[in-house]
Amino acid sequence: GAGVSQSPSNKVTEKGKDVELRCDPISGHTALYWYRQRLGQGLEFLIYFQGNSAPDKSGLPSDRFSAERTGESVSTLTIQRTQQEDSAVYLCASSLEVRGELFFGEGSRLTVL
Amino acid sequence: AQRVTQPEKLLSVFKGAPVELKCNYSYSGSPELFWYVQYSRQRLQLLLRHISRESIKGFTADLNKGETSFHLKKPFAQEEDSAMYYCALGASSYKLIFGSGTRLLVRP
């Protein structure tokens, strides 16, 4: 596709359920980021993937959060046992190079009831 | 600690008025600064970066290391400039730290 694609665009779930968010980066982009944006707040770094290097998971808020990426393709962010404070827009971005321009997806809006 | 501060949540100006969106950062090393913008119903996108030293859509931003600032300026605001603006700091080799954003509203 022409840009970063994220799915689902909207997800409503019950507290305690697991959710999986998907990101399809721009083809050829080696770097992939996940950010979280809570209502009225800035973007909070979650995790970074670069090629086949070990990911930087330093931003993951708890062990309920995990992410995977297969090579330089699709990434999935999984949140287990969701809590109400997990409600946010989850943004994925990819970049052609380190410190290059980030290209963002439209985000996945998660609402935990 | 590495931090980006955008003190204004909302900035409202009339069309044709000058605009300055404030951004201050905290970082002991040599920073890279960026401005990202999100127009209504569009994706977040790069507006400009300090190393480019260019003007995009009439906007400029100068890195002031003494004041640790990277304010975004435009001499004459247009209605189409209304958007959410985020300042970002490239602190480590790849991680971008974003501010909380400023909503610019340009009134006719």
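Residues numbered from 1 in each chain as written. Chains lettered and ligands numbered in written order. Predicted model: local features only at pLDDT ≥ 70, side-chain atom pairs only at ≥ 80, totals over all residues. Heavy atoms only, no water.

Novice: Explanation requested: the overall build of chain B in the structure shown.
Specialist: When its secondary structure is counted, chain B shows zero helices and 11 strands. Seen in sequence order, chain B has helices and strands lined up from the N terminus as β-β-β-β-β-β-β-β-β-β-β. Expressed as lengths along the three principal axes of its C-alpha atoms, the size of chain B is roughly 40 × 30 × 25 Å. For chain B, the proportion of its 108 residues judged to be buried stands at 47%. Total accessible area computed for chain B in this model is approximately 5,500 Å², and 49% of it derives from carbon and sulfur atoms. Within chain B, the 9 negative side-chain charges are centred at a point lying 6 Å from the centre of the 15 positive side-chain charges. (Helix = DSSP H or I, 4+ residues; strand = E, 2+ residues; numbered from the N terminus. Buried < 20%, exposed > 50% of the residue type's maximum accessible area, 1.4 Å probe, protein only. Areas by Shrake-Rupley, 256 points an atom, 1.4 Å probe, with all protein chains shown as cover. Lys, Arg positive; Asp, Glu negative; His and termini not counted. Charge placed at Lys NZ, Arg CZ, Asp CG, Glu CD.)

Novice: Help me out: how do you make sense of the interface of chain A and chain B in this one?
Specialist: Size of an interface: often given as the accessible area lost when the parts come together. Contacts between chain A and chain B engage 21 residues on the former and 19 residues on the latter. For the pairing of chain A and chain B, the buried interface totals around 1,700 Å² over both sides, and the portion due to carbon and sulfur atoms is 49%. Sorting the residues of chain A by area buried against chain B places Leu43, Arg99 and Phe104 of chain A first, and these three jointly supply 39% of that buried surface. Where chain A packs against chain B, one counts one salt bridge. At the junction of chain A and chain B, the tally comes to seven residue pairs in polar contact (both at pLDDT 80 or more). Those elements giving two or more residues to the side of chain A that touches chain B turn out to be strand E4 (31–37) and strand E5 (43–50) of chain A. (Contact = heavy atoms within 4.5 Å. Buried area = accessible area lost by both parts, 1.4 Å probe. Salt bridge = Lys/Arg side-chain N within 4 Å of Asp/Glu carboxyl O. Polar contact = N/O pair within 3.5 Å; in protein donor to acceptor, adjacent residues only side chain to side chain.)

Novice: Any chance you could explain the pattern of salt bridges here in plain terms?
Specialist: Between side chains of opposite charge, a pair can form when the charged atoms approach closely. In total, this model carries nine salt bridges over all chains according to the counting rule given. With its nearest N and O atoms 3.1 Å apart, the salt bridge here joins glutamate 44 of chain A to arginine 36 of chain A. Residue arginine 36 of chain A is classed as buried on the basis of its relative accessible area, which comes to 3%. For the salt bridge of lysine 73 of chain B with glutamate 20 of chain B, the shortest nitrogen-to-oxygen distance reads 3.6 Å. Within this pair, whereas lysine 73 of chain B is found in strand E8 (residues 72–74), its partner glutamate 20 of chain B is found in strand E3 (residues 19–21), the two being separated by 53 residues in sequence. Residue classification places lysine 73 of chain B among the partly exposed positions, given a relative accessible area of 40%. Judged by relative accessible area, glutamate 20 of chain B falls into the partly exposed class, the value being 28%. A cluster of three or more residues bridged by salt bridges with shared partners is formed by Glu20, Lys22 and Lys73 of chain B.

Novice: Could you clarify how one ought to interpret empty space enclosed by the protein in this entry?
Specialist: Rolling a probe over the atoms, with the probe sized like a water molecule, indicates the empty space that remains. Taken as a whole, this structure holds one cavity of 30 Å³ or more when the rule is applied. Approximately 30 Å³ is the volume found for the largest cavity. Taken together, Tyr33, Arg99, Gly100 and Leu102 of chain A together with Phe34, Tyr94 and Leu96 of chain B make up the lining of the largest cavity. Here the lining of the largest cavity is composed, by residue class, of five nonpolar, one polar and one charged. (1 Å grid on protein atoms, 1.4 Å probe; cavity = no way out; pocket = protein on both sides within 12 Å on 5 of 7 lines; lining within 4 Å. Points joined across faces, edges and corners; volume = space filled by probe spheres on them. Nonpolar A, V, L, I, M, F, W, Y, C, P; charged D, E, K, R; others polar.)

Novice: How do you make sense of the nonpolar core when you look at a structure like this?
Specialist: What tends to happen in soluble globular proteins is that the nonpolar side chains get buried as a cluster. Residue and element names in this part refer to chain B. Trp35, Leu47, Leu48, Phe70, Leu72 and Tyr85 are the most contacted members of the largest nonpolar core, which totals 26 residues. Within the residue set of this core, elements represented by two or more residues are strand E2 (10–14), E3, strand E5 (32–38), strand E6 (45–49), strand E9 (83–90) and strand E11 (102–107). Sort the elements by how many residues they give to this core and E9 lands first, with four residues. Among residues more than four places away in sequence, those in contact with leucine 48 are Phe34, Trp35, Glu54, Ile56, Phe59, Thr60, Ala61, Phe70 and Leu72. Formed by 21 residues, the second largest nonpolar core is a distinct cluster that contains Tyr36, Leu46, Tyr94 and Leu96. (Core = buried A, V, L, I, M, F, W, Y, C linked by side-chain atoms within 4.5 Å.)

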